[in-house]
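Letter by letter, the chains look like this.
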Protein chains: 4
Amino acid sequence: MSDLKLKKKEHILDIAAKEFADKGYDNSNINEIATLSGIGKGSIYLYFKTKKDLYLATMEKVVEKINESSEEIETNDGPLLEKLKMVIESLFKLEEESLPYIILWSRYQFQNHPDFPDEVFPIFEKLKQPLCDIIEEGVKKKIFYTSHPTESAYLILSMVVLLLPSIQPKPFLGELNSDEKIEYILNFIKNGLTYCKDQE
Amino acid sequence: MSDLKLKKKEHILDIAAKEFADKGYDNSNINEIATLSGIGKGSIYLYFKTKKDLYLATMEKVVEKINESSEEIETNDGPLLEKLKMVIESLFKLEEESLPYIILWSRYQFQNHPDFPDEVFPIFEKLKQPLCDIIEEGVKKKIFYTSHPTESAYLILSMVVLLLPSIQPKPFLGELNSDEKIEYILNFIKNGLTYCKDQE
Amino acid sequence: MSDLKLKKKEHILDIAAKEFADKGYDNSNINEIATLSGIGKGSIYLYFKTKKDLYLATMEKVVEKINESSEEIETNDGPLLEKLKMVIESLFKLEEESLPYIILWSRYQFQNHPDFPDEVFPIFEKLKQPLCDIIEEGVKKKIFYTSHPTESAYLILSMVVLLLPSIQPKPFLGELNSDEKIEYILNFIKNGLTYCKDQE
Amino acid sequence: MSDLKLKKKEHILDIAAKEFADKGYDNSNINEIATLSGIGKGSIYLYFKTKKDLYLATMEKVVEKINESSEEIETNDGPLLEKLKMVIESLFKLEEESLPYIILWSRYQFQNHPDFPDEVFPIFEKLKQPLCDIIEEGVKKKIFYTSHPTESAYLILSMVVLLLPSIQPKPFLGELNSDEKIEYILNFIKNGLTYCKDQE
DNA sequence: AATGAATGAGGTTTCATTCAT
DNA sequence: GATGAATGAAACCTCATTCAT
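Source: prediction; values computed, not measured.

(A) Spotlight on the overall build of chain A. Secondary structure assignment for chain A yields ten helices and zero strands. By residue count, 52% of the 200 residues in chain A fall in the buried class. Contacts in chain A between residues at least 24 apart in sequence constitute 70% of all its contacts with a sequence separation of at least 6. Carbon and sulfur atoms make up 50% of the accessible area of chain A, which totals about 9,300 Å².

Given below as structure tokens:
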């Protein structure tokens, strides 16, 4: 595929991601995606065989984007809490740049019945989970304490996602800025995971 | 509306809730809901003006169910950690009895763009959040420590929901039984919220 | 299925048969078939799952119609040439009553690549071929002579079909009326099949 | 048009004929014809104004091919039955060399509603019918007897076409080789057309 | 000259909703 | 009251044709 074609494909993907993130798969409309992409209805099909294919391609890109943003963390060798902070920050940063993709991801994470699970699950198996590694390492090094590191990592991830500004449409959450949120999450985690005896 | 009619309406709602929970709004089919309800397709419209109306009615029932299950907790006067445990247990219990409703609720909680937000948000404003009260009380009594009680309550709620057996289709979580999960969540919360000084 | 529904289904089939016979499968239009049937586009799908299904149903009816028309012949016990005449006459008669069906049949017979061969071949296996029986009997009784009775039957059938008034749109054929044609075919067959030694 | 261009045009025609013969007009695809022809999709339109034009051009070539193959017969002066045999043989031979064209021709002959009849009928008016001449001559010379020479010629032609190996997809016909078929047809014709009095 | 990316008309099919029975 | 046959808007997708390069 030529460079130009690849660029257009990416452009369509970005538009489609936004549509899917906004309205979900069923309520998104190929015709509208085409129009918003600045191309004709039929042209979508030059790049993606079906609407479902287009959707799955956006899902691939979700994984790609998130994996990219965790790359830096893996190679870093600082203290664990620092790495933890980087994970959270990278997600907040990613949100600013690639909102639709992170929305799609959160939908996948927290929607018990994703569209096309048979095709989507394998895609998400390639998703890197740096949090797991960090927490497992922390447990080994006796910096963290948790009887179920994987579950803890999943919960922490959820927390972060739930506090991403765009993911909380509920009137229910207070107005903290990003830094305050990151601080808050880190504190919650630190307490939740670190050794701590005296209670109530 | 006669008693019989009310009963039928509730029956339809239960069937519809299951369909909506299984397949989502768009992929649910009025005809199928009618058939499963044991009535004719046209008869649905004697009880609900449109499919959307039916959907909103199930959402109302979601709130109703969850509020019912928290009623007991509010009137209880035991220690706060006990009440916390009750909240979690009541959700696990509700899941067993009213799975579709709790699935619908979790979808609403974690899907940033619910179907018909304009109508759905007001419905969920009536949702009681006993967790908030408990945590706020705990903070006042200096049993819990958190700078943002509302956020904390929301996060804890999320944790619980995310660990409900039917809500986690991901292969990613370990195999804990309900009691172990409740225990685990409580520990995480206790650590995350209670006074705790020495770290790393 | 209720009686009324069956009647409507037959009505749609008749309209569809005419369309398919006139334009072929691809150029026929569900919307138009519906309109001509006096019903809405979507209503076709109450009776037939897909356009292909509708087509196959017309093919079934083709076989049905032709088999009906040969029933009388099978039970008849007259002389073989009389039976031969009946076969031909029944086809000419069928043409008057059920033109589209006989056109569809001729399309199938002489179109080497029918639409949906995998489904259509089995349907036509149920087609009765009284000609074969008649000719085979004639060969046994030494009334007819042919080294290949099946091929001969097929050829005779083809002749008949090709001389059906509606099957010859070619300007190329002379203008004979039906009786003359039947007479002519019979003569051709008699000569072609019966014992005859002296030639050229 | 340059020589090279003419050659390419013929090449495209051959490919198109194969496609049209295999799949019919509607199911053939300009893009595929182009690819198989080794040229770009758009280039087809340098040679043929529309898909319909391409189709009509293949039909012209059908007539051309068949006329070519009958040329030899016309100029030959042997006995009539010899000429008759040549007609049949030439068709069997043509089939081996130009299968798609002969398939297209048989479709035209036996499909009462060809695509684009208004344009196709005039094309086929140029088709030479040596059989007609032969039979008319035979009738005059009292070698053949038939009250309707044109019809007879048409029927004989049909027989031949129906027995062409590639034209009979029906499981219904026995397995004769080409020579046996030719022999069989000739016998049928001889009997069907020659003087013969005593019957049944 | 040759290409193939782009287009959009047109076709099939689904399904919420209506309404005559 | 209860029904389900009927409807038609709306969505996906194909493919002949155009046209800028």
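(B) Up close: the UniProt feature "domain: HTH tetR-type" (unreviewed entry) in chain A. The UniProt record marks residues 6-66 of chain A with the feature "domain: HTH tetR-type" (unreviewed entry), using the residue numbering of this structure. Between the C-alpha atoms that bound residues 6-66 of chain A the distance is 20 Å, and the span itself is 82% helix and 0% strand.

(C) Layout of the protein's contact with DNA strand E. Around DNA strand E, a shell composed of 29 residues is seen, among which A:Lys8, A:Gly40, A:Ser43, A:Tyr47 and D:Ser43 lie nearest. When the atoms of DNA strand E within 4 Å of the protein are sorted by group, sugar and phosphate make up 61%. Measuring from a phosphate oxygen of DNA strand E, one finds a backbone N or O atom of B:Ile30 at 3.0 Å. Contacts to DNA strand E include C:Lys41, whose side-chain N or O atom sits 3.5 Å from a base oxygen. Its residues placed into classes, the surface near DNA strand E shows nine nonpolar, twelve polar and eight charged.

(D) View of the UniProt feature "DNA-binding region" (unreviewed entry) in chain A. As recorded in UniProt, the sites labelled "DNA-binding region" (unreviewed entry) are residues 29-48 of chain A. The distance separating the terminal C-alpha atoms of residues 29-48 of chain A is 14 Å; by composition the span is 60% helix and 0% strand.

(E) Examining the protein's contact with DNA strand F more closely. As a structural note, the neighbourhood of DNA strand F is formed by 31 residues, with B:Ser43, C:Lys8, C:Gly40, C:Ser43 and C:Tyr47 the closest of them. Take C:Lys41: an N or O atom from its side chain is 3.1 Å from a base nitrogen of DNA strand F. Within the backbone of D:Ile30, one N or O atom sits 3.0 Å away from a phosphate oxygen of DNA strand F. Counting residues per element, the ones that place at least two in the surface near DNA strand F are α1 (3-27) and α3 (44-47) of chain B together with α3 (44-47) of chain C. Residue classes in the surface near DNA strand F are distributed as ten nonpolar, twelve polar and nine charged.

(F) View of the packing of aromatic side chains. Enumeration according to the criterion identifies 28 aromatic pairs over all chains in this entry. For the ring pair B:Tyr25 and B:Tyr55, a centre distance of 5.1 Å and an interplane angle of 70 degrees mean the geometry is edge-to-face. With a gap of 30 residues between them, B:Tyr25 in helix α1 and B:Tyr55 in helix α4 (residues 51-75) connect regions that are remote in the sequence. Given the relative accessible area of 12%, B:Tyr25 is considered buried. Cluster of aromatic residues (ring-pair linked, three or more members): A:Phe20, A:Tyr25, A:Tyr55 and A:Phe116.

(G) Broad picture of the pattern of salt bridges. In this structure the tally under the stated criterion is 36 salt bridges over all chains. In this structure, C:Lys18 and C:Asp22 form a salt bridge, with 3.3 Å as the shortest nitrogen-oxygen distance. Within this pair, C:Lys18 and its partner C:Asp22 are both found in helix α1 (residues 3-27), separated by four residues, close to a single helical turn. Using a relative accessible area of 45% as the deciding quantity, one classes C:Lys18 as partly exposed. On the basis of relative accessibility, which here comes to 31%, the residue C:Asp22 falls in the partly exposed class. Where D:Lys23 meets D:Glu19, a salt bridge forms, and the shortest distance between an N and an O atom there is 2.9 Å. Of the two residues, D:Lys23 and D:Glu19 are both situated in helix α1 (residues 3-27); the distance of four residues between them amounts to about one turn of the helix. Overall, the relative accessible area of 29% leaves D:Lys23 in the partly exposed class. By relative accessible area, D:Glu19 is classed as buried at 5%. The network of salt bridges with common partners includes A:Glu10, A:Asp14 and A:Lys61.

(H) Broad picture of the layout of surface pockets. Approximately 720 Å³ is the volume found for the largest pocket. As for the largest pocket, its lining consists of 38 residues, of which A:Gly24, A:Arg107, A:Gln111, B:Gln111 and B:Asp115 are closest to the centre. The set of elements that each furnish at least two residues to the lining of the largest pocket consists of α1 (3-27), α4 (51-75), α6 (99-110) and α7 (117-124) of chain A together with α1, α4 and α6 (99-110) of chain B. Considering only enclosed or pocket space, the second largest pocket measures out at about 540 Å³ in volume. Along its surface, the second largest pocket is lined by 32 residues, and C:Gly24, C:Arg107, C:Gln111, D:Gln111 and D:Asp115 are the ones closest to its centre. Of the residues that constitute the lining of the second largest pocket, the class distribution is 14 nonpolar, eight polar and ten charged.

Cut-offs applied
Residues numbered from 1 in each chain as written. Chains lettered and ligands numbered in written order. Predicted model: local features only at pLDDT ≥ 70, side-chain atom pairs only at ≥ 80, totals over all residues. Heavy atoms only, no water. Helix = DSSP H or I, 4+ residues; strand = E, 2+ residues; numbered from the N terminus. Buried < 20%, exposed > 50% of the residue type's maximum accessible area, 1.4 Å probe, protein only. Contact = heavy atoms within 4.5 Å. Areas by Shrake-Rupley, 256 points an atom, 1.4 Å probe, with all protein chains shown as cover. UniProt positions renumbered as here; feature names shortened; annotations may be inferred. Near = heavy atom within 4 Å. Polar contact = N/O pair within 3.5 Å; in protein donor to acceptor, adjacent residues only side chain to side chain. Nonpolar A, V, L, I, M, F, W, Y, C, P; charged D, E, K, R; others polar. Phe/Tyr/Trp six-rings, centres within 6.5 Å; stacked < 30°, edge-to-face > 60°. Salt bridge = Lys/Arg side-chain N within 4 Å of Asp/Glu carboxyl O. 1 Å grid on protein atoms, 1.4 Å probe; cavity = no way out; pocket = protein on both sides within 12 Å on 5 of 7 lines; lining within 4 Å. Points joined across faces, edges and corners; volume = space filled by probe spheres on them.

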